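Examination of the molecular architecture
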Amino acid sequence: VATQYVKKAKPQSISELSVITSLLRPATMSLGIHDQYADVKNGTREPEYDLLLEDIEEETLGFLIYQEQVMKAFVVLADFTDAEADDVRRAIGKKDMEAMKSFKTMFVERSAQKGYTKSMSLELWDKIEEFSTYSFNKSHAFSYAWASYDCMFLKTHYPSYFYATALTREYSKSKEMRDMT
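Below is a summary of the structure that appears in this document. Since this is a predicted model, take the numbers as computed values, not measurements. (Residues numbered from 1 in each chain as written. Predicted model: local features only at pLDDT ≥ 70, side-chain atom pairs only at ≥ 80, totals over all residues. Heavy atoms only, no water.)

1. Side note on the layout of surface pockets
Roughly 450 Å³ of volume is contained in the largest pocket. Forming the walls of the largest pocket are 16 residues, and the residues nearest its centre are V6, L17, S148, Y149 and M152. Those elements that provide at least two residues to the lining of the largest pocket are α1 (2–9), α2 (14–23) and α10 (138–157). Counted by class, the lining of the largest pocket contains ten nonpolar, five polar and one charged residues. Within this model, the second largest pocket holds a volume of roughly 230 Å³. Contributing to the lining of the second largest pocket are 16 residues, with Q36, G62, F63, K127 and E130 lying nearest its centre. Mapped by element, the contributors of at least two residues to the lining of the second largest pocket are α4 (33–41) and α9 (118–131). When grouped by side-chain class, the residues that make up the lining of the second largest pocket number eight nonpolar, two polar and six charged. (1 Å grid on protein atoms, 1.4 Å probe; cavity = no way out; pocket = protein on both sides within 12 Å on 5 of 7 lines; lining within 4 Å. Points joined across faces, edges and corners; volume = space filled by probe spheres on them. Helix = DSSP H or I, 4+ residues; strand = E, 2+ residues; numbered from the N terminus. Nonpolar A, V, L, I, M, F, W, Y, C, P; charged D, E, K, R; others polar.)

2. Looking at α4
Buried within α4 are the following residues: I33, H34, Y37, A38 and V40. The buried residues of α4 occupy an angular sector of 160° when projected down its axis, which confines them to one face. Summarising the contacts, the buried residues of α4 are in contact with α1, α2, α3 (26–31) and α9. Following α4 by one or two positions, G43 has its phi on the positive side, about 80°. (Buried < 20%, exposed > 50% of the residue type's maximum accessible area, 1.4 Å probe, protein only. Arc of directions from axis to C-beta. Contact = heavy atoms within 4.5 Å.)

3. Some remarks on the packing of aromatic side chains
The description of two aromatic rings rests on the distance between their centres and on the angle between their planes. Taken as a whole and assessed by the stated rule, the structure comprises eleven aromatic pairs. Cluster of aromatic residues (ring-pair linked, three or more members): W146, Y149, F153, Y158 and Y161. A cation sits over an aromatic face here: R110 above F80, 4.7 Å from the ring centre. (Phe/Tyr/Trp six-rings, centres within 6.5 Å; stacked < 30°, edge-to-face > 60°. Lys NZ or Arg CZ within 6 Å of the ring centre and 35° of its normal.)

4. Let's talk about a nonpolar patch on the surface
A cluster of nonpolar residues, Y149, F153, L154, Y158 and Y161, forms a patch on the protein surface that exposes about 540 Å² of accessible area. If you tally residues by element for the nonpolar patch, the top one is α10, at three residues. (Patch = residues over 30% accessible without salt bridge, like charges linked within 9 Å, V, L, I, M, F, W, Y side chains within 5 Å. Areas by Shrake-Rupley, 256 points an atom, 1.4 Å probe, with all protein chains shown as cover. Salt bridge = Lys/Arg side-chain N within 4 Å of Asp/Glu carboxyl O.)

5. Let's talk about the pattern of salt bridges
All told, the structure shown has eleven salt bridges when counted by the stated rule. Of the charged contacts in the structure, one is a salt bridge between E16 and K41, with a shortest N-O distance of 3.2 Å. Taken as a pair, E16 in helix α2 and K41 in helix α4 lie far apart in primary sequence, 25 residues in all. In this structure, D87 and R90 form a salt bridge, with 2.9 Å as the shortest nitrogen-oxygen distance. Pair noted here: D87 and R90 are both in helix α7 (residues 82–94), with a separation of three residues, about one helical turn.

6. Structural notes on the packing of helix α6 (residues 67–78) against helix α8 (residues 97–113)
Between α6 and α8, the shortest axis-to-axis distance is 8 Å and the interhelical angle comes to 40°. Taken together, the axis directions place α6 and α8 in an arrangement best described as oblique. The segment α6 lies against α8, with F74, L77 and A78 engaging F107, R110 and S111. Split by residue class, the contact of α6 with α8 holds four nonpolar, one polar and one charged. (Axes fitted to C-alpha atoms, helices over the stretch in contact; angles between N-to-C directions. Parallel < 35°, antiparallel > 145°, perpendicular 65-115°, else oblique.)

7. Considering a negative patch on the surface
Where like charges cluster on the molecular surface, the negative patch consists of E123, D126, E129 and E130. Among the structural elements, E123 can be located in helix α9. Since its relative accessible area comes to 58%, E123 is described here as exposed. (Lys, Arg positive; Asp, Glu negative; His and termini not counted. Charge placed at Lys NZ, Arg CZ, Asp CG, Glu CD.)

Below, the structure written as structure tokens:
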């Protein structure tokens, strides 16, 4: 699945590979977000940005992918402090529905004070709730993308070294496990 998707999305940078790493997860795939991203990336679909979040969503072509993006959205749209936005991120990560309810109320009230209608705020909140089912931290995504890139580079250009290292490492792991018992 991953190889086929990478061919479809055609990443041109580690940043784009990071987005793909975040998209190839069960929740984003079940929602079809990965296919929508590839369509925007390939120019067969126009990006759709939320309210005033074009700067935040530009890197990910109009999609909320990273937890940090949601944190910035709370700061921009509802004047949350960075600490409050981090509390939201934590609640999303832990799937704490009680905390999410209180943050929803705060988000709608504070964004109304900034001039957004309740329907606009609730529409964005629905996206944030959907996002909470698949949120991913950007630093983790970059780490996985970089490791994937390194492995593919070595596998493509230095296959004997790659496989020798992979097999030796697996042997070492299994030997360590035997020694522990």
